[in-house]
Amino acid sequence: GQQVMQIPQYQHVQEGEDFTTYCNSSTTLSNIQWYKQRPGGHPVFLIQLVKSGEVKKQKRLTFQFGEAKKNSSLHITATQTTDVGTYFCAGDKAAGNKLTFGGGTRVLVKP
Amino acid sequence: DAEITQSPRHKITETGRQVTLACHQTWNHNNMFWYRQDLGHGLRLIHYSYGVQDTNKGEVSDGYSVSRSNTEDLPLTLESAASSQTSVYFCASSGQRDRSNEQFFGPGTRLTVL
């Protein structure tokens, strides 16, 4: 079956620094979504990428979808304490909104 | 405002008991999903539904069942609870089957099976 892997599993970041989390699918995707889950909370949608090579920005967050539509990345610049949480990518293979989630990257920010 | 709710928020039960977790959404969404979240495994899909009377198995469906009798509700039933089903359960909904839309998640139910 389809697998979605995320690395790293944990990311300790000094406040103000940048970091990137990576997502790789075993199969070509129709689209990929990213979610953020704060500690003790539920996943909240951040963005959806559909086109090969697509790049989208949300303030300090930059999302990329690979040319082959099998990988994606999330880059956060100037990390803040509000960025704490777990970031999940979720791949949709057939545009039916049936998502396969990666294991997540748990981000911890050191002030 | 539209929302998605889950009940109960916390549940402790014993091995072998039948348990039903409720999920109710007022978005009027066609699609509804049940996930479980365990450390090291992220979110895994249990069952999903694309509309009334439609249900489908996800990747970890053994020991679980769902029914969709109306648009708003997708209850998840554990037929005979096992300790391996101790987890946090999330329900989610989204708009249309032929478009990939964001999924809106409920607050979760923490289930402990003793």
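Per chain, residue numbering runs from 1 following the sequence as it is written. Working convention: letters from A go to chains and numbers from 1 go to ligands, in the order in which they are written. This being a predicted model, a pLDDT of at least 70 is required before a residue's local features are given, and a value of 80 or more before pairs of side-chain atoms are given or counted; all residues contribute to the totals for chains, interfaces and linings. Working from all heavy atoms in the structure, the side-chain values ignore hydrogens and water.

Participant: What's the story with the overall build of chain A in this structure? I'm lost.
Facilitator: Counting its secondary structure elements, chain A contains zero helices and 11 strands. Across chain A, helices and strands are ordered from the amino to the carboxyl terminus as β-β-β-β-β-β-β-β-β-β-β. By the burial criterion, 49% of the 111 residues in chain A qualify as buried. Counted over contacts in chain A with a minimum sequence separation of 6, partners at least 24 positions apart contribute 54%. Positive charges are assigned to Lys and Arg, negative charges to Asp and Glu, while His and the chain termini are left out of the count. Charged side chains are reduced to one point each, which is NZ for Lys, CZ for Arg, CG for Asp and CD for Glu. For chain A, the centre of its 13 positive side-chain charges and the centre of its 7 negative side-chain charges are spaced 7 Å apart. Here a strand is any run of E in DSSP of at least two residues, a helix any run of H or I of at least four, and the numbering for each starts at the N terminus. A 1.4 Å probe rolled over the protein chains alone gives each residue an accessible area, and that area as a share of the maximum for its type sets the label: buried under 20%, exposed over 50%, partly exposed in between. Any two residues whose heavy atoms approach within 4.5 Å are treated as being in contact.

Participant: Would you explain the environment of P111 of chain A in this entry?
Facilitator: Residue and element names in this part refer to chain A. As for its placement among the helices and strands, P111 is situated in the segment after β11 (105–110). Judged by its relative accessible area of 79%, P111 is exposed. Sequence separation of P111 and K69 is 42 residues, and the distance between their C-alpha atoms is 36 Å. Dropping the residues within four chain positions of it, P111 is found in contact with Q14 and E15.

Participant: Is there a simple way to explain the state of the cysteines in this structure?
Facilitator: Structurally, a disulfide amounts to a covalent bond that connects the sulfur atoms of two cysteines. Cysteine sulfur atoms are paired as a disulfide whenever they come within 2.5 Å of each other. Enumeration according to the criterion identifies two disulfides over all chains in this entry. Put simply, C23 of chain A and C89 of chain A are joined by a disulfide, and their sulfur atoms are 2.0 Å apart. Taking the torsion about the sulfur-sulfur bond, which here is approximately 80°, the covalent link between C23 of chain A and C89 of chain A counts as right-handed. Taken as a pair, C23 of chain A in strand β3 (residues 19–25) and C89 of chain A in strand β9 (residues 85–92) lie far apart in primary sequence, 66 residues in all. Side by side, C23 of chain A and C89 of chain A carry an identical accessibility label, which is buried. Disulfide partner of C23 of chain B: C91 of chain B, at an S-S distance of 1.8 Å.

Participant: What is the right way to read the pattern of salt bridges from this model?
Facilitator: Two side chains of opposite charge can pair, provided their charged atoms sit close to one another. Residues and elements named next belong to chain B. Definition used for salt bridges: Asp or Glu carboxyl oxygen within 4 Å of a side-chain nitrogen of Lys or Arg. Under the definition given, this model contains five salt bridges over all chains. For D38, the salt bridge is made with R36, and the minimal N-O distance between the two is 2.8 Å. R36 matches D38 in its accessibility class, with the two residues each being buried. In this structure, D38 engages R44 in a salt bridge whose closest nitrogen and oxygen atoms are separated by 3.0 Å. With a relative accessible area of 19%, R44 lands in the buried category. Within the structure, one salt-bridge network assembled from shared partners comprises R36, D38 and R44.

Participant: When you look at the nonpolar core in this model, what are you seeing that I'm missing?
Facilitator: By nonpolar core we mean a set of buried residues, namely Ala, Val, Leu, Ile, Met, Phe, Trp, Tyr and Cys, connected to one another through side-chain atoms within 4.5 Å. With 19 residues, the main nonpolar core has I32, W34, L46, F63 and L74 of chain A as its most contacted residues. Listing elements by their share of this core, those giving two or more residues are β3, β4 (31–37), β5 (44–49), β7 (61–65), β8 (71–76), β9 and β11 of chain A. Residue contacts for F63 of chain A: discarding those within four places in its chain leaves W34, L46, I47, L49, E54, V55, K56, Q58, S73 and L74 of chain A. If you look at the next biggest cluster of nonpolar residues, it comprises 18 residues, including I4, C23, L76 and V113 of chain B.

Participant: Teacher, can you tell me more about the sheet that holds β8 of chain A here?
Facilitator: Across a sheet, strands are paired by hydrogen bonds formed along the backbone, either parallel or antiparallel in direction. All names here are of chain A. In space, the five strands of this open sheet follow the order β1-β3-β8-β7-β6, with antiparallel pairing throughout. Only two strands of the sheet have a single partner each, and these edge strands are β1 (4–7) and β6 (55–58). Averaged over all pairs of adjacent strands, the angle between strand axes in this sheet comes to 15°, irrespective of strand direction. We call two strands paired when DSSP finds no fewer than two bridges between them. Direction of pairing for β1 relative to β3: antiparallel, over a ladder of four bridges. Paired with V4 across the bridge in β3 is S25. Only the stretch in contact is used when fitting a helix axis, every axis being a line fitted to C-alpha atoms; angles between N-to-C directions are given from 0 to 180 degrees.

Participant: Got a minute to help me understand the packing of aromatic side chains in this structure?
Facilitator: Remark: the centre distance and the inter-plane angle together describe each pair of aromatic rings, the angle taken between the planes. Here a pair means two rings of Phe, Tyr or Trp (six-membered ring of Trp) with centres within 6.5 Å. Their orientation is stacked below 30 degrees between planes, edge-to-face above 60, and tilted elsewhere. Evaluation of the coordinates by the stated rule reveals 14 aromatic pairs over all chains. Here F101 of chain A and Y35 of chain B contribute two aromatic rings whose centre-to-centre distance is 5.3 Å and whose plane-to-plane angle is 85°, an arrangement assigned as edge-to-face. A residue pair is termed interchain when its members come from two chains, as with F101 of chain A in strand β10 (residues 99–101) and Y35 of chain B in strand β4 (residues 31–38). Under the relative-accessibility criterion, Y35 of chain B is labelled buried at 0%. Between the aromatic rings of F90 of chain B and F105 of chain B, the centroid separation amounts to 6.4 Å while the plane-to-plane angle is 80°, which identifies the pairing as edge-to-face. Of this pair, F90 of chain B sits in strand β9 (residues 87–94) while F105 of chain B is found in strand β10 (residues 104–105), placing the two residues 15 residues apart along the sequence.

It is worth stressing that arrangement in space is one thing and function is another; only the former is reported here.
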